[in-house]
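# Per-entry structural report
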Amino acid sequence: LLVACVLAGAPARADEFRDHYERALSTFRAGDYPGSERELRAAYALRPLPALLLNLGHAVQEQGRYAEALDLYDRYLRDETSLTAAQRLDVDQYRQQARLIEAAPLIVGTALFAVGTIGCALAPTIGWLFLGRVIAGINSTLADSGLHSR
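Residues numbered from 1 in each chain as written. Predicted model: local features only at pLDDT ≥ 70, side-chain atom pairs only at ≥ 80, totals over all residues. Heavy atoms only, no water.

## Topic: the packing of aromatic side chains
Counted only if it meets this: In summary, the pairing rule links any two rings of Phe, Tyr or Trp, Trp by its six-membered ring, whose centres are within 6.5 Å, and it sorts them by plane angle into stacked for under 30 degrees, edge-to-face for over 60 and tilted for everything else. Only DSSP runs of H or I with at least four residues qualify as helices, and only runs of E with at least two residues qualify as strands; both kinds are numbered from the N terminus onward. Between buried and exposed lies partly exposed: a residue is buried under 20% and exposed over 50% of the maximum accessible area for its type, with that area taken using a 1.4 Å probe on protein chains only. Charge-over-ring placement is defined geometrically: NZ (Lys) or CZ (Arg) within 6 Å of the ring centre, and within 35 degrees of the ring normal.
Considering all chains together, one arrives at 3 aromatic pairs under this definition. Taken together, a centroid distance of 6.3 Å and an interplanar angle of 5° make the contact between Phe17 and Tyr21 stacked. Here Phe17 and its partner Tyr21 are both found in helix 1 (residues 2-29), 4 residues apart, which amounts to about one turn of the helix. For Phe17, a relative accessible area of 10% corresponds to the buried category. Consider the rings of Tyr73 and Tyr94, whose centres lie 5.9 Å apart with planes at 35°: the pair is tilted. Taken together, the residues Tyr73 in helix 4 (residues 66-79) and Tyr94 in helix 5 (residues 85-122) connect sequence positions 21 residues apart. When the ring centre of Phe17 is taken as reference, the NZ or CZ atom of Arg47 above it lies at 5.0 Å.

## Quick word on the packing of helix 3 (residues 50-62) against helix 4
Condition: Where helices are involved, their axes are fitted lines through C-alpha atoms of the stretch in contact, as for all axes, and angles between N-to-C directions lie from 0 to 180°. Should an angle fall under 35 degrees it is taken as roughly parallel, and over 145 as roughly antiparallel, whereas 65 to 115 is taken as roughly perpendicular and any remaining angle as oblique. A clockwise turn of the near helix away from the far one marks a right-handed crossing, whereas an anticlockwise turn of less than a right angle marks a left-handed crossing. The contact rule is simple, with two residues in contact once any of their heavy atoms fall within 4.5 Å.
Contact geometry for helix 3 and helix 4: axes closest at 8 Å, N-to-C directions at 165°. Compared by their axis directions, helix 3 and helix 4 come out roughly antiparallel. In this structure, helix 3 crosses over helix 4, and the sense of that crossing is left-handed. Facing helix 3, whose interface residues are Pro50, Ala51, Leu53, Leu54, Leu56, Gly57, His58, Val60 and Gln61, helix 4 presents Tyr66, Glu68, Ala69, Leu72, Tyr73, Arg75, Tyr76 and Asp79.

## Some points on helix 2 (residues 33-46)
Operational definition: In this scheme, a helix's expected span is set at 1.5 Å multiplied by one less than its residue total. Distance and chemistry together define a polar contact, namely a pair of N or O atoms within 3.5 Å, with one atom able to donate a hydrogen and the other to accept it when in protein, and with adjacent residues in sequence counting only for side-chain atoms on both sides.
Here helix 2 contains 14 residues, and its C-alpha end-to-end distance of 20 Å stays within 8% of the 20 Å for a straight helix at 1.5 Å per residue. By the burial criterion, the buried members of helix 2 are Gly35, Ser36, Glu37, Glu39, Leu40, Ala43 and Leu46. Backbone nitrogen of Gly35 and a side-chain oxygen of the N-cap are separated by 3.0 Å at the start of helix 2; the cap is Asp32.

Right, dumping it as C-alpha cells:
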C-alpha cells in the first residue's frame, strides 16, 4: 500500500518539478532573477539535480551575490560527475567572472585611496589637500556600503 501511494505521487511530483523548472527559465529570461532563484530552489527541493546548482549560481550571480554564486558553482563541480573537460572549463570561467566582478569595487577603491593619498602628499594648497582627502575617502564609502565586502 505504501509503495502504491509513493508511486501514485511520482507523476504529480514530476509535473510539479517541470512547472517549477519551466517557470525558472522563463523568469530568468525575463530578468526576474529572484523569481528564477525561487523556482529553481523549489525544483531542487523536489529533485536535487546538480545542473540546477549551475542555474542557481547564474541566478544569484545576476543578483550580485557573487560569493554565493561561487559556492553554488563549486557544489555543481563537486556533485556533477559526468562533466567533460570543456564543461568544467566553462564553469571555471563562470567562477572567474564572479570573482572578478566581486573584486572590482575593492580594486577601484584601493586605487582611489592611493591616488587620493598621493594627492594629499603633493597638494600645493589646502583646496588640493581637501580634494585628495575626498578622493581617498571614497574607498571607505565603498567599504561601508558593502560593495566590496564578501
